[in-house]
Amino acid sequence: LFPSSIIKTGGYEFGEWSGELVRCLKKEVSTGKVLIHLHGLHSYTLNHILFKLDLGNVPVIVSQRGDFHPSYFLKEKYWSILKWAIEKISFESIDLFQVMSRIEFGIMVNSYGKDKVILWQDGIDFEKFKKIPKNIAKKTIGIKESQKLVLYVGQFTRDKGVENVISAYKYFKASNKDITLIL
């Protein structure tokens, strides 16, 4: 674990920064015997790392799992053109982009070429996981057939909206006692 700080100026947040993480990465990168795989394509944190490290002698892969390309916001948030310009410079050190969105894939291929961008999506192996009727699934895990389930799978962070799931659960629980929240 690396301690980090939120970078703020005025009322704006510009991601997290960890000097300790960057020092550790610099040391590893200097050996030339690593592959750097970063997550979170459109983040200030990623840009900070890309600008601070000399990544010319190691492969760099970045995965995107849902962030929006800055061009999505140009009409509403004109300052996102600055983020887009910063990315154009910092992304030059990335060897491979793994993106999950077809829209993002199109944008990135236009900007960086098909050789540097892969569309990859999480999925289920239907050979291993067979669909079964709800009543059998509920019985298997010990839940009454009449019970309603609210399932949340994700990070417990404010930006993922888990508090909205909990609020909705409380609202529905007040009128339907046969409801369970699974986090």
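Residues numbered from 1 in each chain as written. Predicted model: local features only at pLDDT ≥ 70, side-chain atom pairs only at ≥ 80, totals over all residues. Heavy atoms only, no water.

Caption draft 1: Structural view of the overall build of the protein chain. A tally of regular secondary structure across the protein chain gives six helices and eight strands. Order of helices (α) and strands (β) in the protein chain, N terminus to C terminus: β-β-α-β-α-β-α-β-α-β-α-β-α-β. For the protein chain, the C-alpha radius of gyration of 21 Å lies well beyond 16 Å, the compact-globule estimate for 183 residues. Once the C-alpha set of the protein chain is aligned to its principal axes, its extents read approximately 60 × 45 × 35 Å. Residues counted as buried form 28% of the 183 residues belonging to the protein chain. For the protein chain, the share of sequence-separated contacts (at least 6 apart) that also reach a separation of at least 24 residues comes to 55%. (Helix = DSSP H or I, 4+ residues; strand = E, 2+ residues; numbered from the N terminus. Rg over C-alpha atoms; globule rule 2.2 N^0.38 Å. Buried < 20%, exposed > 50% of the residue type's maximum accessible area, 1.4 Å probe, protein only. Contact = heavy atoms within 4.5 Å.)

Caption draft 2: Representation of the nonpolar core in the model. By size, the foremost hydrophobic cluster in this structure holds 23 residues, and its most contacted members are Ile36, Leu41, Leu50, Leu55, Phe91, Phe97 and Met108. Residue assignment for this core shows that the elements contributing at least two residues are α1 (19–31), β3 (36–39), α2 (44–52), β4 (60–64), β5 (96–99) and α4 (102–112). Setting aside chain neighbours within four positions, we find Leu55 in contact with Val29, Ile36, Leu50, Val60 and Ser93. (Core = buried A, V, L, I, M, F, W, Y, C linked by side-chain atoms within 4.5 Å.)

Caption draft 3: Local environment of the packing of aromatic side chains. Under the criterion given, the structure shown has four aromatic pairs. Measuring from centroid to centroid gives 4.9 Å for Phe97 and Tyr112, while their planes differ by 35°, and the two rings are tilted. Taken together, the positions of Phe97 in strand β5 and Tyr112 in helix α4 put the pair 15 residues apart, joining distant regions of the chain. Judged by its relative accessible area of 0%, Phe97 falls in the buried class. Residue Tyr112 is classed as buried on the basis of its relative accessible area, which comes to 14%. Here the aromatic cluster, defined as three or more aromatic residues joined through ring pairs, consists of Phe91, Phe97 and Tyr112. Above the plane of the ring of Tyr112 lies Lys88, whose end atom (NZ or CZ) is 5.4 Å from the centre. (Phe/Tyr/Trp six-rings, centres within 6.5 Å; stacked < 30°, edge-to-face > 60°. Lys NZ or Arg CZ within 6 Å of the ring centre and 35° of its normal.)

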